[in-house]
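# Topology and contacts: notes
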Amino acid sequence: MSRFVPWSEAVLVAAACWTVCGLGYGVLAVFDEPHVPVAPLVGMGLVRWFFTRHRSWPAAFAAGPAGAVTLFGLVDVLRPALNHYVADALATGAAASVALTVFTLVGRGGRGHRPDTGTRTMP
């Protein structure tokens, strides 16, 4: 299991999160179901990715609060100006992107691009 997260993988995971947000909130809007948020689904996907691919606890402890603050802050700002579904989708996608960025930066430990840094083999 690698603790090092390549930027290409972080971008791919962020794109998957944005896709789930767009499709999920789009379906919820069609059925007019405001009480079934997609944010927990995106969060569970990120947690699963963390446990199967990159188990770096310091990075997780930094990324979790950064994503939560982004989500709740943007929801408060965007909901009065936008449709409920659009605001939630944008806030959830942005929160996932911020969390992935923080996770990737902390997982790299502030080092430059050195793919062999931070990898280790688990027994």
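## Structural notes on the state of the cysteines
Overall, the coordinates contain 0 disulfides when judged by the stated rule. Lacking any disulfide linkage, Cys-17 is separated from the closest cysteine sulfur, that of Cys-21, by 6.7 Å.

## Section: the nonpolar core
Val-42, Leu-46 and Phe-103 are the most contacted members of the largest nonpolar core, which totals 21 residues. Those elements that place two or more of their residues in this core are helix H1 (7-30), helix H2 (39-53), helix H3 (57-78) and helix H4 (84-108). Top contributing element to this core by residue count: H1, with 7 residues. Not counting the four nearest positions on each side in its chain, Leu-46 is found in contact with Val-13, Cys-17, Ala-96 and Leu-100.

## A closer look at the packing of H3 against H4
Put simply, H3 and H4 touch, their axes get as near as 8 Å, and they point 155° apart. For the element pair H3 / H4, the angle class is roughly antiparallel. As for how H3 packs across H4, the hand of that crossing is right-handed. For the contact of H3 with H4, the residue count by class is 20 nonpolar, 4 polar and 1 charged.

## Section: the side chain of Thr-104
Looking at the secondary structure, you find Thr-104 in helix H4. Using a relative accessible area of 0% as the deciding quantity, one classes Thr-104 as buried. Setting aside its immediate chain neighbours within four residues, Thr-104 contacts Val-5, Trp-7 and Ala-10.

## Topic: the environment of Ala-66
Assignment of secondary structure puts Ala-66 in helix H3. Linking Ala-66 and Ala-99, residues 33 residues apart in sequence, is a C-alpha distance of 5.8 Å. Setting aside residues no more than four positions away along its own chain, Ala-66 makes contact with Val-98 and Val-102.

What counts as what
Residues numbered from 1 in each chain as written. Predicted model: local features only at pLDDT ≥ 70, side-chain atom pairs only at ≥ 80, totals over all residues. Heavy atoms only, no water. Disulfide = S-S within 2.5 Å. Core = buried A, V, L, I, M, F, W, Y, C linked by side-chain atoms within 4.5 Å. Buried < 20%, exposed > 50% of the residue type's maximum accessible area, 1.4 Å probe, protein only. Helix = DSSP H or I, 4+ residues; strand = E, 2+ residues; numbered from the N terminus. Contact = heavy atoms within 4.5 Å. Axes fitted to C-alpha atoms, helices over the stretch in contact; angles between N-to-C directions. Parallel < 35°, antiparallel > 145°, perpendicular 65-115°, else oblique. Left-handed = near helix turned anticlockwise from the far one by under 90°. Nonpolar A, V, L, I, M, F, W, Y, C, P; charged D, E, K, R; others polar.

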